[in-house]
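Structural features, examined
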Amino acid sequence: MKIESDFNDIDALGDDHIGSSIETPMRADAFKLSNSEKIDIIKDDVRHILETLGLDLNDDSLNGTPNRVAKMFVNEIFGGLDPSKKPSASTFDNKYKYGEMLVEKNITVYSTCEHHLLPIVGRAHVAYISNGTVVGLSKMNRIVDYFAKRPQVQERLTIQIVKELQNVLGTEDVACVIDAKHLCVNSRGIRDIESSTVTSEFGGKFKEKETKREFLDYIQLDTQF
Ligand SMILES: [Zn+2]
């Protein structure tokens with residue numbers, strides 16, 4: 001009876017899109033296999049799923065699918081599980097003594113819901129206030145992309161981006177807002193096409209009302225180019 005209720009809890013957790021921790025749950029032996037060994041194994045697993053569904057893998061159109069999906073999982077959409085792909089932590093001195101908020105907005109987010117393995121598509125807005133160190137602007141995009149390329153929960157993704165930038169910049173004053181559509185909500189289940197999910201994490205000075213307001217005003221700016 002105990003086991004059954006545990007399974008029900010796990011199902012409900014996934015259905016409600018609730019994550020269990022800030023760290024991506026990884027096993028200790030996660031990197032014992034090389035990427036090419038992982039691709040070989042996953043290829044057979046994908047073939048097994050498609051064959052179980054009754055598809056004829058001898059068809060020219062389907063023949064390459066298992067290998068294609070396996071490579072895409074390991075090298076692309078889940079490539080951010082591999083710590084060697086983490087963007088380098090290079091920073092610069094803040095030569096201009098720019099002491100105001102820096103906002104990088106509308107960073108494209110392509111991630112994958114870890115409960116259904118369907119896409120999460122949206123925008124991230126990231127901000128920090130330098131305490132003497134700055135990062136290249138593209139570094140913020142790369143950090144977002146690195147953590148997005150994992151099976152994810154949007155809340156965890158938001159926090160992981162903030163924590164990484166806090167580490168790199170040596171300041172608590174970092175914030176992130178993500179507005180994203182979850183295809184598991186938009187295309188199946190409740191099939192709500194319009195809804196999106198907004199998550200936010202405010203560190204240091206961004207917890208203060210005025211600083212938070214300034215950031216939120218910037219990301220609402222409708223600038224035309
Ligand atoms: Zn989902």
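In this text the structure is predicted, and so the values were computed from the model without any measurement. (Residues numbered from 1 in each chain as written. Predicted model: local features only at pLDDT ≥ 70, side-chain atom pairs only at ≥ 80, totals over all residues. Heavy atoms only, no water.)

Helix and strand content of the chain: 8 helices and 7 strands. Every one of the 225 residues in the chain was classed for burial, and the buried ones make up 36%. Looking at the chain as shown, the accessible area adds up to about 13800 Å², and 53% of this sits on carbon and sulfur atoms. (Helix = DSSP H or I, 4+ residues; strand = E, 2+ residues; numbered from the N terminus. Buried < 20%, exposed > 50% of the residue type's maximum accessible area, 1.4 Å probe, protein only. Areas by Shrake-Rupley, 256 points an atom, 1.4 Å probe, with all protein chains shown as cover.)

This part covers the pattern of salt bridges. When the charged atoms of two side chains with opposite charge come close together, those side chains can pair. Counted according to the given criterion, the structure contains 8 salt bridges. The residue Asp29 makes a salt bridge to Arg27 at a minimum N-O spacing of 2.8 Å. Given the relative accessible area of 61%, Arg27 is considered exposed. With a shortest N-O distance of 3.1 Å, Asp145 and Lys149 are connected by a salt bridge. We classify Asp145 as partly exposed; its relative accessible area is 32%. For Lys149, a relative accessible area of 22% corresponds to the partly exposed category. (Salt bridge = Lys/Arg side-chain N within 4 Å of Asp/Glu carboxyl O.)

With that settled, consider a nonpolar patch on the surface. Together, Ile49, Leu53 and Leu55 make up an exposed nonpolar region whose accessible area comes to about 310 Å². Residue position: Ile49 is located in helix α2 (residues 35–52). (Patch = residues over 30% accessible without salt bridge, like charges linked within 9 Å, V, L, I, M, F, W, Y side chains within 5 Å.)

We now examine the sheet that holds strand β3 (residues 119–129). An order of β5-β2-β3-β6-β7 is seen for the 5 strands of this open sheet, with the pairing classed as mixed. One side of each edge strand has no neighbouring strand; the edge strands of this open sheet are β5 (151–152) and β7 (197–202). Examined bridge by bridge, strand β2 (residues 101–113) and β5 share 2 bridges and lie parallel to one another. Paired with Cys113 across the bridge in β5 is Gln152. Helix-sheet contacts for helix α5 (residues 137–148) involve β2, β3 and β5, and the interaxial angle to β2 is about 25°. (Pairing = 2+ DSSP bridges. Contact = heavy atoms within 4.5 Å. Axes fitted to C-alpha atoms, helices over the stretch in contact; angles between N-to-C directions.)

Per-residue confidence for the chain gives a mean pLDDT of 89; residues scoring 70 or more make up 89%. With pLDDT under 50 throughout, residues 1–7 is counted as low confidence; its partners more than four residues away or in other chains account for 0 contacts. (pLDDT = per-residue confidence, 0-100.)

Below, the discussion takes up the nonpolar core. Here is a general trend for soluble globular proteins: nonpolar side chains tend to be buried in one another's company. Counting 26 residues, the largest nonpolar core has Val126, Ile161 and Leu165 as the members making the most contacts within it. If you list the elements that add at least two residues to this core, you get β2, β3, α5, α6 (154–169) and β6 (174–182). Discounting residues that sit within four places of it in the chain, Val126 has contacts with Leu102, Val103, Glu104, Ile107, Met140, Val144, Ile161, Leu165, Ala175, Cys176 and Phe215. Judged by nonpolar contacts, the second largest core, of 9 residues, contains Ile129, Phe206, Phe215 and Ile219. (Core = buried A, V, L, I, M, F, W, Y, C linked by side-chain atoms within 4.5 Å.)

Turning our attention to the side chain of His182. By the element assignment, His182 lies in strand β6. Among the residues examined, His182 registers a relative accessible area of 9% and is labelled buried. Side chain to side chain, His182 and Gln154 meet in a polar contact 2.7 Å long. (Polar contact = N/O pair within 3.5 Å; in protein donor to acceptor, adjacent residues only side chain to side chain.)

Below, the discussion takes up the packing of α5 against α6. Running from N to C, α5 and α6 cross one another at 135°; their axes reach a closest spacing of 9 Å. One way to sum up the angle between α5 and α6 is to call them oblique. Here α5 and α6 pass one another in a crossing that is right-handed. Where α5 abuts α6, its residues Met140, Ile143, Val144, Phe147 and Ala148 lie against Leu157, Gln160, Ile161, Glu164 and Leu165. Here the contact of α5 with α6 is built from residues that sort into 8 nonpolar, 1 polar and 1 charged. (Parallel < 35°, antiparallel > 145°, perpendicular 65-115°, else oblique. Left-handed = near helix turned anticlockwise from the far one by under 90°. Nonpolar A, V, L, I, M, F, W, Y, C, P; charged D, E, K, R; others polar.)

Next up on the list: the environment of His182. Spatially, the C-alpha atoms of His182 and Val121 are 6.6 Å apart, while their sequence positions differ by 61 residues. If sequence neighbours within four positions are ignored, His182 has contacts with Pro119, Ile120, Gln154 and Thr197.

On the surface, a cluster of negative charge is made up of Glu51, Asp56, Asp59 and Asp60. Checked against the element boundaries, Asp56 lands in the loop between α2 and α3 (60–63). The exposure class of Asp56 is partly exposed, given its relative accessible area of 46%. (Lys, Arg positive; Asp, Glu negative; His and termini not counted. Charge placed at Lys NZ, Arg CZ, Asp CG, Glu CD.)

Following the criterion strictly, the structure yields 4 aromatic pairs and no others. Aromatic side chains Phe202 and Phe215 sit 6.4 Å apart centroid to centroid with 80° between the ring planes, which places their arrangement in the edge-to-face category. Of the two residues, Phe202 is situated in strand β7 and Phe215 in helix α8 (residues 209–220); the sequence distance between them amounts to 13 residues. By relative accessible area, which is 14% here, Phe202 ends up buried. Here the aromatic cluster, defined as three or more aromatic residues joined through ring pairs, consists of Phe202, Phe206 and Phe215. (Phe/Tyr/Trp six-rings, centres within 6.5 Å; stacked < 30°, edge-to-face > 60°.)

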